Amino acid sequence: SIKRHIQNDLNRASQAATGVEVTNAFYKPVYEVVESLERLVEVVQEIEDHGSFGVDTESPGLNFMDEPAIMCQLSIGEGKNWIVPFFKHDPEASYMGKYKLKAVWGALYEKMTQILGRLFTSEKVIKCAHHAKYDMTVLKRWCNIITAGWVWDTQVMHHLLLHQRVDPVIVG
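Residues numbered from 1 in each chain as written. Predicted model: local features only at pLDDT ≥ 70, side-chain atom pairs only at ≥ 80, totals over all residues. Heavy atoms only, no water.

Asks: What is the right way to look at the sheet that holds strand β3 (residues 71-77) in this model?
Replies: Strand pairing in a sheet relies on backbone hydrogen bonds. The paired strands run either parallel or antiparallel. If you walk across this open sheet you meet the six strands as β1-β4-β3-β2-β7-β8, and the pairing is mixed. Whereas interior strands pair on both sides, the edge strands pair on one side only; in this sheet they are β1 (32-33) and β8 (151-153). Bridge analysis of β1 against strand β4 (residues 80-85) gives two bridges, and the strand direction is parallel. Within β4, the residue paired with V33 across the bridge is I83. Here helix α2 (residues 37-50) sits on the sheet and contacts β1, β2 (52-58), β3 and β4; the angle it forms with β4, its principal contact strand, is near 135°. Where helix α3 (residues 109-121) meets the sheet, its contacts fall on β2, β3, β4 and β7 (126-129), and the angle it forms with β3 comes to roughly 40°. (Pairing = 2+ DSSP bridges. Helix = DSSP H or I, 4+ residues; strand = E, 2+ residues; numbered from the N terminus. Contact = heavy atoms within 4.5 Å. Axes fitted to C-alpha atoms, helices over the stretch in contact; angles between N-to-C directions.)

Written as C-alpha cells, this is what we have:
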C-alpha cells in the first residue's frame, strides 16, 4: 500500500540521519480538547514554561475575513498537543447563515481569547507555524489577538533552505 511505502521511506530517511533503526508505524498524535478556562490557563502556563510552541488554526475555507476560525491547535511536542475549539458542529445551528456551527465558549469567549492571547503577545515565547501569516491573521480577525515576538514560519524556511529553480516546463 502507499501508506506502507511512505512509512518505509520515512523510516529509511530517519535511520540515515540518526543511525538508529526505526520500525514504528505512523505517529498517531494524542491530544486534549481544552474546554474550560481553568484548563486553558494551565495549558498556557505549560507552553510559556516550555518557551516555544507549534500552532495551527482551522477554518472552513481560506477567506479569513468571512470564514470563521473553528479551532486553534497548540503543541510543544509528542504527547503535548491541545485543541482549543471555538465552534463545534451542530446540525441544528446556523452561524452566519451558512455554517452548522455552535460557539463553544459562549459568554466566556472574550476571557478565553485573553488567556490564549498571552501566548501570542509574549515576546518570550517562540511561535512556530506553517504559513504563519495566515494563522496570525485568522487569530487577529476572529480572536482580536495581535501576535508579537519571534515567529518561526516553516513555509518561509522551506523556501529559503531548499530553494530550487522553477522548471518552466512544469510551471507552464
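So, next bit.
Asks: What exactly am I supposed to notice about unusual backbone geometry here?
Replies: Leaving glycine aside, a negative phi is the common case for residues, and trans is the common case for peptide bonds. You will see that H131, though not glycine, has its phi angle at about 60°, which is positive. Its place among the elements puts H131 in the loop between β7 and α4 (132-143). The phi dihedral of N144 falls on the positive side, at around 60°, and the residue is not glycine. Along the chain, N144 falls in the loop between α4 and β8.

Asks: Explanation requested: the packing of α2 against α3 in the structure shown.
Replies: The axes of two packed helices give the description: the angle between them and the distance between them. Packing of α2 against α3 leaves a shortest axis separation of 9 Å and a crossing angle of 10°. Regarding the angle of α2 to α3, the classification is roughly parallel. Facing α2, whose interface residues are L37, L40, V41, V44, Q45, I47 and E48, α3 presents K111, M112, I115, L116, R118 and L119. Tallied by class, residues from the contact of α2 with α3 come to nine nonpolar, one polar and three charged. (Parallel < 35°, antiparallel > 145°, perpendicular 65-115°, else oblique. Nonpolar A, V, L, I, M, F, W, Y, C, P; charged D, E, K, R; others polar.)

Asks: How do you make sense of the pattern of salt bridges when you look at a structure like this?
Replies: A side chain with one charge may pair with a side chain of the opposite charge, provided their charged atoms come close. According to the stated counting rule, one finds five salt bridges in the structure shown. The residue E35 makes a salt bridge to K88 at a minimum N-O spacing of 2.7 Å. Here E35 is found in the loop between β1 and α2, whereas its partner K88 is found in strand β5 (residues 87-89), with 53 residues between them in sequence. For E35, a relative accessible area of 39% gives the class partly exposed. Looking at K88, the relative accessible area reads 41%, which means it is partly exposed. Residue R39 is joined to E42 by a salt bridge in which the shortest nitrogen-to-oxygen separation is 3.0 Å. Of this pair, R39 and E42 both sit in helix α2, three residues apart, roughly one helical turn. Accessibility expressed as a relative area gives 23% for R39, which makes it partly exposed. Salt bridges linked by common partners bring E32, R39 and E42 together as one network. (Salt bridge = Lys/Arg side-chain N within 4 Å of Asp/Glu carboxyl O. Buried < 20%, exposed > 50% of the residue type's maximum accessible area, 1.4 Å probe, protein only.)

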